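Each chain, written out:
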Amino acid sequence: MTWLTTLYKTYDELEKRNDTLPFEQQVMPICHTLQNAHIHIVINNRGEFLRAEVLEKAQIVLPATEQSAGRSSGLCAHALADKIQYVAKDYADFGGVKKPGFELYQAQLKAWCDSEYSHPAVTAVLQYITKGTVVADLIAEKVLHQQDRKLLTKWQGAGEAPTLLKTLPKEKGLFDQGSALVCWSVETPDEPQAKTWLDPSIQHSWIAFDSQNGDNSALCYATGENKLVASNHPAKIRHSGDKAKLISANDKSGYTFRGRFLSNEEACSISFEVTQKAHNALRCLLTKQSVFRNGDQVYLAWAVSGKTVPKATEPDFVDFANLLETSNIVDHTQDLGREYASQLRRYFNGIKVKSQLDDNEQIALLGLDSATPGRMGILYYRETIAKEFLARLEQWQRDLGWQQRVKINEHWRWVYSAPSLFRVLDGVYGDVLKSTDTLKKNLITRLYPCIVEGKSIPQDIMQSAFHRAINRAAYKSDQTWLWLQNVGIACSLIKGFYIRTTNSILQKEYPMALQQDNTSRDYLFGRLLAVANKIEKIALSSSETNRLTTAERFMTQFVNKPSDTWLNISNALVPYQQRLFNNYQGYDKATKTVISQITDMFDPADFTSNQKLSPEFLLGFHNQMMWLESHKVEQGLWVKKVTDTQTTAPLEETV
């Protein structure tokens, strides 16, 4: 029950901040629930109808009982705002398709008005609904629509359907106007707030009335105190239509708790106050905090104090694009990793200062998903402190920091960063994820602990990204941007895998800059292929620039049989080198010098071996590619370009 206790504590901190936040970001009061309202009825303090209007996409917080907040089937009335089916005495007279719930609604409203916690505005609503003219008044106002004293279930009139009918959900092509939810305004002289759902005095009145109902006290598993126990727990956690519950026990004939306990109370007892506050805090956090969403799957990180924390799964590429721009060390021959780490430290320190997070601030991490439409499970839960949490995020950026191809303000840029989680999904599986939601969820579940706990990168995920990146021929001619993006993602995962692996033999750290002294066979072959690719791209005429080079087409084959494939590629390069010799002799000389330098670093046995290349090959390829993009040739010598490639527009083939 740790997660429940933590949310319970968070509620009090969030409630203190309500006055400084807009309504949609405020934590909801207990004994209330969130609903989409469709109709707004305005009456006066004597219970007389004034006017009505249709609301579009309006969410309100309405008073609710423990049972009505979690209702899914059967009749159970909310306290004040509710559906036409409940609030209208004449609903059945106009052919309502569902069973009326007016008697339940009226009895509950009367009990509230007869209690010591009565409120004048609520009494006015009771006076009005007792007259039994709600549907008739709304038809007269052209809010509801009928034909022959029957509420329409299908629009057959000329022209566009009325607003309410377009707003209501359909079932089998039909809509039920009785499912439209009504909210109330009571206009009273000298009372500035007429809207009942925004009136704090009405909220406090209902909380006081509802909290004194019930007499079943027991030990609360969350607080360890004897309190009034909840028999029903809230739904609508992720959005107003969410029916999945984190805690439920309505299966009294199956095997939910039978065999170990006689009743659900013996299995688990949570106090009414705790479950209300904890679930309301969770709803609020999912609205305004750092949330990663993948359909029904959500991951949330929050500070118990209510302070803002950074999102663990999504780097701010605009900020990261500026990390190294203020640095003098931008040469790909230099150790960019050290400068990058220094800038990252400053970046995360800035986050801590901006959010006013203390080092020992309690941070909670929670992952949720729905097993069925009515059941929600906790995928992940962990507590840490702010210092450790930010350190893990910084370490993820350091371990997986690489050149990423991203689009910022309509321009493609190379940004030093770890890839976002959504980009990793695309880099690992691509279009397969569009039809396999389960695969995407499983991948996120496995990668999230790598970010927030510093766990090792799963080898199969790294290998999948690697094989997708080297299959250059699988990308269309206009998808160069996608291939470059996936190469950057794969390099990040490869780098992170080798840094974090528990296998001491494989463990190695690769800098982001080109390693000109790295004699690894795999790395050298990667460098060779990048140079061959660059030579052919420069030699191609402008009419041929969209086609793949020989190096790109043979990339997968090169990884599987590097020695034989390099012979074929080098033979295919001859006419392009001849073209360079005729047109750009300096460039021809410079590229041949690079190839000679790389081949001289090979062990002869390694150069002639056809042993399959490891993922390290892609790191050498990408580093050499970026080095070539950041340099130009002057008088047969390589010279650093003035503009750094990490901040330029699309790749330019500059001689």
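Re the packing of aromatic side chains
Thought 1: In this structure the tally under the stated criterion is 21 aromatic pairs.
Thought 2: Among the aromatic residues, ring-to-ring pairing joins W483, F525, F558, W566, F602, F607, F617 and F621 into one connected group.
Thought 3: Taking NZ or CZ as reference, R149 lies 4.3 Å from the ring centre of F94, over its face.

Structural notes on the sheet that holds strand β4 (residues 181-187)
Thought 1: Reading across the sheet, the four strands line up as β2-β1-β4-β3 and stay open at both edges, with mixed pairing between neighbours. This sheet does not close on itself; its edge strands, each paired only once, are β2 (49-63) and β3 (82-83).
Thought 2: Where strand β1 (residues 32-44) and β4 come together, six bridges link them in parallel fashion. If you follow V42 over to β4, its bridge partner there is S185.

Some points on the pattern of salt bridges
Proximity of charged atoms lets side chains of opposite charge pair with each other.
Thought 1: All chains considered together, the criterion is met by 27 salt bridges.
Thought 2: Here R51 ties to E187 by a salt bridge, and the two come within 2.4 Å at their closest N and O atoms. In this pair, R51 sits in strand β2 while E187 sits in strand β4, placing the two residues 136 residues apart along the sequence.
Thought 3: Look at R51 and you get partly exposed, because its relative accessible area is 40%.
Thought 4: For E187, a relative accessible area of 31% corresponds to the partly exposed category.
Thought 5: Residues D460 and R446 are paired through a salt bridge, measuring 2.8 Å at the closest nitrogen-oxygen approach. Separated by 14 residues along the polypeptide, D460 in helix α16 (residues 459-470) and R446 in helix α15 (residues 437-452) bring together distant segments of the chain.
Thought 6: Because the salt bridges share partners, they merge into one network encompassing D12, E225, K227, E273 and K277.

Things to note about the nonpolar core
Thought 1: Counting residues in each nonpolar core, the largest one holds 96 residues, and the members touching the most others are F389, L493, F617 and L618.
Thought 2: Residues within four places of F617 in sequence aside, it is in contact with F466, I470, D522, F525, G526, L529, M555, F558 and V559.
Thought 3: Among the nonpolar cores identified, the runner-up in size contains 78 residues, and L151, L168, C220 and I237 belong to it.

Here we look at unusual backbone geometry
Thought 1: Look at K57: it is not a glycine, yet its phi comes out positive at around 55°.
Thought 2: When you line up the elements, K57 lands in strand β2.
Thought 3: The exposed category is assigned to K57, whose relative accessible area is 86%.
Thought 4: The residue K142 is not glycine, and still its phi comes out positive at about 60°.
Thought 5: Checked against the element boundaries, K142 lands in the loop between α6 (134-140) and α7 (163-167).
Thought 6: The class for K142 is exposed, based on a relative accessible area of 67%.

Re the confidence of the model for the chain
Thought 1: Averaged over all residues, the pLDDT of the chain is 87; the fraction at 70 or higher stands at 91%.
Thought 2: In the model, residues 326-330 has pLDDT below 50 throughout and makes 10 contacts with residues more than four positions away in sequence or in other chains.
Thought 3: Throughout residues 644-655 the model reports pLDDT below 50, and contacts reaching past four residues in sequence, or to other chains, amount to 44 contacts.

So, the packing of helix α18 (residues 521-539) against helix α24 (residues 616-629)
Thought 1: Viewed as axis vectors pointing N to C, α18 and α24 meet at an angle of 40°, and their least axial separation amounts to 7 Å. By the angle between their axes, α18 is oblique relative to α24. As α18 packs across α24, the resulting crossing turns out to be right-handed. Together, D522, Y523, F525, G526, R527, L529, A530, V531 and K534 of α18 and E616, F617, L619, G620, F621, N623, Q624, M625, L628 and E629 of α24 make up the contact between the two elements.
Thought 2: Tallied by class, residues from the contact of α18 with α24 come to 10 nonpolar, four polar and five charged.

Parameters and conventions
Residues numbered from 1 in each chain as written. Predicted model: local features only at pLDDT ≥ 70, side-chain atom pairs only at ≥ 80, totals over all residues. Heavy atoms only, no water. Phe/Tyr/Trp six-rings, centres within 6.5 Å; stacked < 30°, edge-to-face > 60°. Lys NZ or Arg CZ within 6 Å of the ring centre and 35° of its normal. Pairing = 2+ DSSP bridges. Helix = DSSP H or I, 4+ residues; strand = E, 2+ residues; numbered from the N terminus. Salt bridge = Lys/Arg side-chain N within 4 Å of Asp/Glu carboxyl O. Buried < 20%, exposed > 50% of the residue type's maximum accessible area, 1.4 Å probe, protein only. Core = buried A, V, L, I, M, F, W, Y, C linked by side-chain atoms within 4.5 Å. Contact = heavy atoms within 4.5 Å. pLDDT = per-residue confidence, 0-100. Axes fitted to C-alpha atoms, helices over the stretch in contact; angles between N-to-C directions. Parallel < 35°, antiparallel > 145°, perpendicular 65-115°, else oblique. Left-handed = near helix turned anticlockwise from the far one by under 90°. Nonpolar A, V, L, I, M, F, W, Y, C, P; charged D, E, K, R; others polar.

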